[in-house]
Amino acid sequence: MPSPFTWNIAFHSGFTADSDLQAALDVGIATGVVADRVTLRQQLRALPDHLDRGGKVFVDSGAFTAFRRQLAMDWPRVLMLYRALCTTTLRPENLSVVAPDVVGDQQATLLLWHRYARDIRSWIDAGARVIIPLQAGSLSAGELLQEAIGLLGTKTFCAGIPSNLAAMTAADCRTLEHNDFHILGRVVMTEELRDKVEALLTCNAGATISSDANWLRSRTRQIAGAVEMLRSTPNLLQTRRTRAVKALLMQDAFGSLDQLAPR
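Note that the structure is predicted; figures quoted are calculated from it, not measured.

Caption draft 1: Here's a closer look at the confidence of the model for the protein. Across the protein, pLDDT averages 92, with 94% of residues at or above 70. Scored below 50 in pLDDT, residues 256-263 shows 22 contacts in the model against residues more than four places distant or in partner chains.

Caption draft 2: Local environment of the layout of surface pockets. Empty space within the largest pocket amounts to approximately 980 Å³. Counting residues per element, the ones that place at least two in the lining of the largest pocket are strand S3 (31-34), strand S4 (57-60), helix H3 (63-69), helix H4 (75-88) and strand S9 (208-214). Residue classes in the lining of the largest pocket are distributed as 18 nonpolar, 10 polar and 11 charged.

Caption draft 3: Spatial organisation of the pairing of strand S5 (residues 95-98). Burial along S5 is two-sided: the residues Leu95 and Val97 and Ser96 and Val98 are all buried. Bridge analysis of S4 against S5 gives three bridges, and the strand direction is parallel. Across the sheet, Val59 pairs through a bridge with Val97, a residue of S5. Judged from the three bridges that link them, S5 and strand S6 (residues 129-133) form a sheet pairing that is parallel. What sits directly across from Ser96, in S6, is Arg129.

Caption draft 4: How the structure looks around a positive patch on the surface. Taken together, the side chains of Arg37, Arg68, Arg69 and Arg217 present a region of like positive charge at the surface. Structurally, the position occupied by Arg69 is in helix H3.

Caption draft 5: A look at the pattern of salt bridges. Evaluation of the coordinates by the stated rule reveals 12 salt bridges. Between Arg194 and Glu191 there is a salt bridge; the shortest N-O distance is 3.4 Å. Linking Arg194 with Glu191, this pair stays in helix H9 (residues 191-203), spanning three residues, or about one helical turn. On the basis of relative accessibility, which here comes to 46%, the residue Glu191 falls in the partly exposed class. The partner of Arg219 in a salt bridge is Asp252, and the shortest N-O contact between them spans 2.9 Å. Remark: Asp252 occurs in helix H11 (residues 240-252) and Arg219 occurs in the loop between S9 and helix H10 (220-229); sequence separation between them is 33 residues. Residue Arg219 is classed as buried on the basis of its relative accessible area of 12%.

Caption draft 6: Seen up close, unusual backbone geometry. Non-glycine residue Gln70 carries a positive phi angle of around 55 degrees. Turning to its location among the elements, Gln70 is positioned in the loop between H3 and H4. Residue Gln70 is classed as exposed on the basis of its relative accessible area of 73%.

What counts, and at which threshold
- Residues numbered from 1 in each chain as written.
- Predicted model: local features only at pLDDT ≥ 70, side-chain atom pairs only at ≥ 80, totals over all residues.
- Heavy atoms only, no water.
- pLDDT = per-residue confidence, 0-100.
- Contact = heavy atoms within 4.5 Å.
- 1 Å grid on protein atoms, 1.4 Å probe; cavity = no way out; pocket = protein on both sides within 12 Å on 5 of 7 lines; lining within 4 Å.
- Points joined across faces, edges and corners; volume = space filled by probe spheres on them.
- Helix = DSSP H or I, 4+ residues; strand = E, 2+ residues; numbered from the N terminus.
- Nonpolar A, V, L, I, M, F, W, Y, C, P; charged D, E, K, R; others polar.
- Buried < 20%, exposed > 50% of the residue type's maximum accessible area, 1.4 Å probe, protein only.
- Pairing = 2+ DSSP bridges.
- Patch = residues over 30% accessible without salt bridge, like charges linked within 9 Å, V, L, I, M, F, W, Y side chains within 5 Å.
- Areas by Shrake-Rupley, 256 points an atom, 1.4 Å probe, with all protein chains shown as cover.
- Salt bridge = Lys/Arg side-chain N within 4 Å of Asp/Glu carboxyl O.
- Lys, Arg positive; Asp, Glu negative; His and termini not counted.
- Charge placed at Lys NZ, Arg CZ, Asp CG, Glu CD.

Structure, rendered in structure tokens:
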């Protein structure tokens, strides 16, 4: 890669809890939530308000967590939330949602696309950025992308690149021709991810590439320590957790300096 790489958007996922979400919205970062944990107040006010102000929101379906815990997905609930957010905000172009998929299972993912194609197309038509996860399988990533284009009747969506478990290889990434990509579940650059990003950009110069990762998980101890330090400074307007997370975000958020240095 000839020059340092910067994500077009790096979403801080996992901010669904009220205290954490409030911190993220106050700081104004690109924020990620999980569909099945979004509350009615968040759905009707907090997230639409953030979108309307120009903030970016990423909504994960929860399929990866369901896969790890061997739980069934409640797709009607997820689809209902997506529909609500698309129609509640005045700026749906700031909303990214992950379409139905089954982690590591290309054929099952294709079946879900066929089942919910009308819903998926409605989110696209509403102006949302819909991420279509390209799971590995018998079809190459490029072939699967063409299946999605044919089914949905449009190229106006984001191609999702899985980064965990049975993830797409760099060779598979080279089969893709598109202008919008999202790396699912990884922001910090690794050698494996570097190879995938290089492959995508080699074949798709100028493409948008975003990513998401759980910012909170690796900072649990820091947040706990910051919360304890705030014990002696009460605040009636915000919880200690909100203030602690906000302070750490202002020091250490994903941002424009998340770069991939050239080799």
